Amino acid sequence: MNRLDGKVALISGAARGIGAETALMMVRAGAKVAIGDVLDERGRQTVRALEAEGGSAIYTHLDVTSPDDWAAAVAAAVSAFGGLDILVNNAGVFLGRGIEDATMADWQRLCGVNLTGVFLGTKLAMPALRDRGRGSPNGSAIVNLASIAGLVGSQIDPLYSMTKGGVTTFTKSTALEFARKGYRIRVNSIHPGVIETDMGAQTFVSRAQTLGTNDVDAARRQSLTAHPIGRLGTATDIANGIVFLASDDAGFMTGSGLVVDGGYTAQ
Ligand SMILES: NC(=O)c1ccc[n+]([C@@H]2O[C@H](COP(=O)([O-])OP(=O)(O)OC[C@H]3O[C@@H](n4cnc5c(N)ncnc54)[C@H](O)[C@@H]3O)[C@@H](O)[C@H]2O)c1
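This is a predicted model, so every value here is computed, not measured.

**Notes on the site of the ligand**
Next up, step 1: Within the structure, the ligand sits among 28 residues, and Arg16, Asp37, Asn90, Tyr160 and Thr197 are positioned closest to it.
Next up, step 2: One nitrogen or oxygen atom from the main chain of Ile18 is found 2.8 Å from an oxygen atom belonging to the ligand.
Next up, step 3: At 3.0 Å, a backbone N or O of Val64 approaches a nitrogen atom of the ligand.
Next up, step 4: Here the ligand loses 94% of its free accessible area of 830 Å² to cover by the protein chains.
Next up, step 5: Mapped by element, the contributors of at least two residues to the shell around the ligand are α1 (17–28), α5 (158–180) and α6 (198–211).
Next up, step 6: With 3 residues, α6 is the single largest residue contributor to the shell around the ligand.
Next up, step 7: When grouped by side-chain class, the residues that make up the shell around the ligand number 15 nonpolar, 8 polar and 5 charged.

In structure tokens:
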């Protein structure tokens, strides 16, 4: 189940966190993986870890706000592995400031990574994905990292929430456009709850500040209680969902959002 034998994936922001775990799970499922990030040394370390698992992986410097970087990353994946079947638009940044404190520079940074990055990745990887989709029974796949904050309002980060809401509906729109054009590229989003990564830790600091304290542990406990399942998420929880959406097991899914949030948005 959820096998990716013979598939090639490009994952943005995969030096660490959910992206790095997704790369590992994809390699274990049989895929070849190109990972891009702005953290070059960490990205190369991640590739070495994937190779130690017996996987085929390359690192490419990829600032998702740069069209030239995207073109080079897609070309590197195609040149190394002969094509591209899967794009994971994973790179993202969190701000953790309310509307009164957020600045124009904050907004432009969030838009650049969370929105422009997804637009450029989709646009510049599309021709290679379309080419491979022609010969594949269930087509190629794009998985976009949205968030629960793209489904319901965030209590601590309205600008982040706005960008992830954009990713949610962009996913549906591109799924419809590619289907209408007969491109055989499925496009779906995934909506994590709070996940224990560097970004997750950043949300606890912001939540503490919002509560007017320095007690990050208390903020973490408060965040945990919002997840009815009784724990926070792990990068593996999300990587499992991404691998599923990218695999032929999700062959009848396009324009969908997979919520992996321990019940956060069920309330
Ligand atoms: N952690 C959570 O609680 C959570 C919840 C919901 C959604 N998400 C989303 O999941 C995705 C991954 O988050 P994570 O928790 O692994 O975060 P993380 O901060 O651990 O990792 C994000 C990665 O993106 C990279 N990145 C940042 N700016 C970049 C740029 N301009 N170009 C390329 N790479 C860049 C970072 O260097 C880092 O490696 C993000 O889109 C995030 O918004 C995370």
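**Quick look at the sheet that holds strand β4 (residues 86–89)**
Strands belonging to one sheet form pairs held by backbone hydrogen bonds; the direction of such a pair is parallel or antiparallel.
Next up, step 1: Read from one edge of the open sheet, 7 strands run β3-β2-β1-β4-β5-β6-β7, paired in parallel fashion. Both outer strands of the open sheet, β3 (57–61) and β7 (257–260), are each paired with one neighbouring strand and no more. With strand direction ignored, the average angle separating the axes of adjacent strands in the sheet is 20°.
Next up, step 2: Where strand β2 (residues 32–37) and β3 come together, 5 bridges link them in parallel fashion.

**Some thoughts on the packing of helix α4 (residues 104–134) against α5**
Next up, step 1: Relative orientation of the contacting elements α4 and α5 amounts to 15°, with a least axis distance of 9 Å. Here α4 is positioned roughly parallel relative to α5, judged by the angle of their axes. Between α4 and α5 lies a crossing whose hand is right-handed. Here Trp107, Leu110, Cys111, Asn114, Leu115, Val118, Phe119, Thr122 and Met126 of α4 come into contact with α5, specifically with Leu159, Tyr160, Met162, Thr163, Lys164, Gly166, Val167, Phe170, Thr174 and Phe178.

**As for the environment of Trp70**
Next up, step 1: Mapped onto the elements of the fold, Trp70 is located in helix α3 (residues 67–81).
Next up, step 2: Measuring from C-alpha to C-alpha, the distance between Trp70 and His191 comes to 24 Å, with 121 residues separating the pair along the chain.
Next up, step 3: If sequence neighbours within four positions are ignored, Trp70 has contacts with Leu10, Ser12, Leu62, Val64, Leu87, Asn89, Gly117, Leu120, Gly121 and Leu124.

**Quick notes on the nonpolar core**
Next up, step 1: If you look at the biggest cluster of nonpolar residues, it comprises 33 residues, and the most contacted ones within it are Leu10, Leu84 and Ile185.
Next up, step 2: Residue assignment for this core shows that the elements contributing at least two residues are β1 (8–12), α3, α4, α5 and β6 (185–192).
Next up, step 3: Here this core takes 7 residues from α4, the largest share from any one element.
Next up, step 4: Not counting residues within four places of it along the chain, the set of residues in contact with Leu10 comprises Ala34, Trp70, Ala73, Val74, Leu84, Ile86, Leu87 and Val88.

**Considering the side chain of Thr168**
Next up, step 1: Within the secondary structure, Thr168 is located in helix α5.
Next up, step 2: Thr168 gets classed as buried once you look at its relative accessible area, which sits at 8%.
Next up, step 3: Other than its neighbours up to four places away in sequence, Thr168 contacts Ala146, Gly150, Leu151 and His191.

**Some remarks on unusual backbone geometry**
Next up, step 1: Of note in this structure, Arg184 is not a glycine but carries a positive phi near 60°.
Next up, step 2: Its location among the elements puts Arg184 in the loop between α5 and β6.

**Here's the deal with the packing of aromatic side chains**
Next up, step 1: One pass over the structure, following the stated rule, counts 2 aromatic pairs.
Next up, step 2: Both rings, one in Phe94 and one in Tyr160, keep their centres 5.2 Å apart while their planes meet at 70°; by these two values the pair is edge-to-face. With Phe94 in the loop between β4 and α4 and Tyr160 in helix α5, this pair connects stretches of sequence that are 66 residues apart.
Next up, step 3: By relative accessible area, Phe94 is classed as buried at 5%.
Next up, step 4: Taking the relative accessible area as the measure of exposure, Tyr160 reaches 9% and is therefore buried.
Next up, step 5: Directly above the ring of Tyr183 sits Arg130, whose terminal nitrogen or CZ lies 5.1 Å from the centroid.

Rules of the game
Residues numbered from 1 in each chain as written. Predicted model: local features only at pLDDT ≥ 70, side-chain atom pairs only at ≥ 80, totals over all residues. Heavy atoms only, no water. Near = heavy atom within 4 Å. Polar contact = N/O pair within 3.5 Å; in protein donor to acceptor, adjacent residues only side chain to side chain. Areas by Shrake-Rupley, 256 points an atom, 1.4 Å probe, with all protein chains shown as cover. Helix = DSSP H or I, 4+ residues; strand = E, 2+ residues; numbered from the N terminus. Nonpolar A, V, L, I, M, F, W, Y, C, P; charged D, E, K, R; others polar. Pairing = 2+ DSSP bridges. Axes fitted to C-alpha atoms, helices over the stretch in contact; angles between N-to-C directions. Parallel < 35°, antiparallel > 145°, perpendicular 65-115°, else oblique. Left-handed = near helix turned anticlockwise from the far one by under 90°. Contact = heavy atoms within 4.5 Å. Core = buried A, V, L, I, M, F, W, Y, C linked by side-chain atoms within 4.5 Å. Buried < 20%, exposed > 50% of the residue type's maximum accessible area, 1.4 Å probe, protein only. Phe/Tyr/Trp six-rings, centres within 6.5 Å; stacked < 30°, edge-to-face > 60°. Lys NZ or Arg CZ within 6 Å of the ring centre and 35° of its normal.

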